[in-house]
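Take a look at the letters that make up each chain.
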Amino acid sequence: MGHHTFDASRADKLERAERRYRFLSAEELLWALDLSPSDAVADLGSGTGFYTDDVAPHAGTVYAVDLQEEMHDYYREKGVPENVDLVTTGVGDLPLDDGSLDAAFSTMTYHEFASDEALEEIRRVLAPAGRLVVVDWAATGAGEEGPPLDERFTAAEAADAVEETGFRVEHEAVRPETFLLVAAVE
């Protein structure tokens with residue numbers, strides 16, 4: 001798995017708040033991240049910056065990480081907050097120092113990068129007790145939204161992978177189409 005990447009030519013679809021917040025509200029994401037105003041955070045698979053914009057007012061620095069420069073172009077056109085740095089790279093090769101992040105989050109992108117290497121890289125850049133929040137399309141969903149079912153993971157599969165990489169899962173929730181994991185570096 002980890003092969004599906006969202007088509008950048010459909011970026012406008014990622015800005016539809018009524019659709020996005022149906023699966024994850026800004027309040028729920030902020031609760032899961034539990035940020036302090038000076039925290040450094042990475043949005044893994046930031047796309048158009050939809051959720052990055054929700055997090056930016058609550059953090060010191062946010063790294064909007066996306067593999068596709070076209071997504072960053074869209075975000076630049078939309079307007080990037082001053083405390084957001086755009087980083088064009090894959091999650092498996094983050095140009096950040098060891099332990100430099102207080103938190104990292106992935107909203108509907110875990111299935112795009114899920115691998116031992118990517119999870120090890122996330123753990124590397126997180127500080128001791130750093131938080132990882134993953135919200136993604138569930139393999140147990142109906143498949144009417146998001147990627148095909150065969151490209152998705154169950155919450156249990158994602159939790160196992162995260163735990164095998166040195167995280168402790170603190171919260172797990174399964175919804176009709178998505179799952180939420182909150183984990184901390186052990």
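Presented here is an overview of the structure given in this document.

Rules used in this analysis
Residues numbered from 1 in each chain as written. Predicted model: local features only at pLDDT ≥ 70, side-chain atom pairs only at ≥ 80, totals over all residues. Heavy atoms only, no water. Buried < 20%, exposed > 50% of the residue type's maximum accessible area, 1.4 Å probe, protein only. Helix = DSSP H or I, 4+ residues; strand = E, 2+ residues; numbered from the N terminus. Arc of directions from axis to C-beta. Contact = heavy atoms within 4.5 Å. Patch = residues over 30% accessible without salt bridge, like charges linked within 9 Å, V, L, I, M, F, W, Y side chains within 5 Å. Areas by Shrake-Rupley, 256 points an atom, 1.4 Å probe, with all protein chains shown as cover. Salt bridge = Lys/Arg side-chain N within 4 Å of Asp/Glu carboxyl O. Lys, Arg positive; Asp, Glu negative; His and termini not counted. Charge placed at Lys NZ, Arg CZ, Asp CG, Glu CD. Phe/Tyr/Trp six-rings, centres within 6.5 Å; stacked < 30°, edge-to-face > 60°.

**Some words on helix α2 (residues 26–33)**
Piece 1. Those residues of α2 lying buried are A26, L29, A32 and L33. In a view along the axis of α2, the buried residues occupy a sector of 130 degrees, so they form one face of it.
Piece 2. Trailing α2 by a residue or two, D34 shows a phi angle of about 50 degrees, which is positive.

**Observations regarding the environment of A155**
Piece 1. Structurally, A155 can be placed in helix α7 (residues 155–164).
Piece 2. Residues A155 and L181, spaced 26 residues apart in sequence, show a C-alpha to C-alpha distance of 7.5 Å.
Piece 3. Filtering out sequence-adjacent residues up to four positions away, A155 remains in contact with E172, V174, F179 and L181.

**Things to note about a negative patch on the surface**
Piece 1. A surface patch of negative charge is lined by D116, E117, E120, E157, D160, E163, E164, E172 and E186.
Piece 2. Secondary structure elements with two or more residues in the negative patch: α6 (116–125) and α7.
Piece 3. With four residues, the single largest contributor to the negative patch is α7.
Piece 4. Structurally, D116 can be placed in helix α6.

**Some thoughts on the packing of aromatic side chains**
Piece 1. Per the stated rule, a full pass over the model turns up six aromatic pairs.
Piece 2. Aromatic pair Y21 and F50: ring centres 5.0 Å apart, planes at 50 degrees, arrangement tilted. Of this pair, Y21 sits in helix α1 (residues 17–23) while F50 sits in helix α3 (residues 50–55), and the two are 29 residues apart along the sequence.
Piece 3. What makes Y21 partly exposed here is its relative accessible area of 32%.

**As for the pattern of salt bridges**
Piece 1. Overall, the coordinates contain ten salt bridges when judged by the stated rule.
Piece 2. Measuring nitrogen to oxygen at the nearest pair gives 3.0 Å for the salt bridge that ties D53 to K78. Placement of D53 in helix α3 and of K78 in helix α4 (residues 69–78) is noted, with a sequence separation of 25 residues between them.
Piece 3. Exposure remark for D53: the relative accessible area of 26% places this residue in the partly exposed category.
Piece 4. Given a relative accessible area of 31%, K78 falls into the partly exposed group.
Piece 5. Between E170 and R168 there is a salt bridge, with its nearest N and O atoms 2.9 Å apart.
Piece 6. Taking the relative accessible area as the measure of exposure, E170 reaches 41% and is therefore partly exposed.
Piece 7. Judged by relative accessible area, R168 falls into the partly exposed class, the value being 37%.
Piece 8. Shared partners join several salt bridges into a network, and the residues in it are E69, D73 and R76.

**So, α6**
Piece 1. Residues of α6 that are buried include every one of A118, L119, E121, I122 and V125, and no others. Each buried residue of α6 sits inside an arc of 160 degrees when the element is viewed along its axis, so together they form one side. Seen from the buried face of α6, the exposed residues on the opposite side, beyond 90 degrees, are E117 and E120.
Piece 2. Of the surrounding elements, those touching the buried residues of α6 are β1 (40–44), β4 (101–107), α5 (110–113), β5 (126–137), α7 and β6 (167–174).

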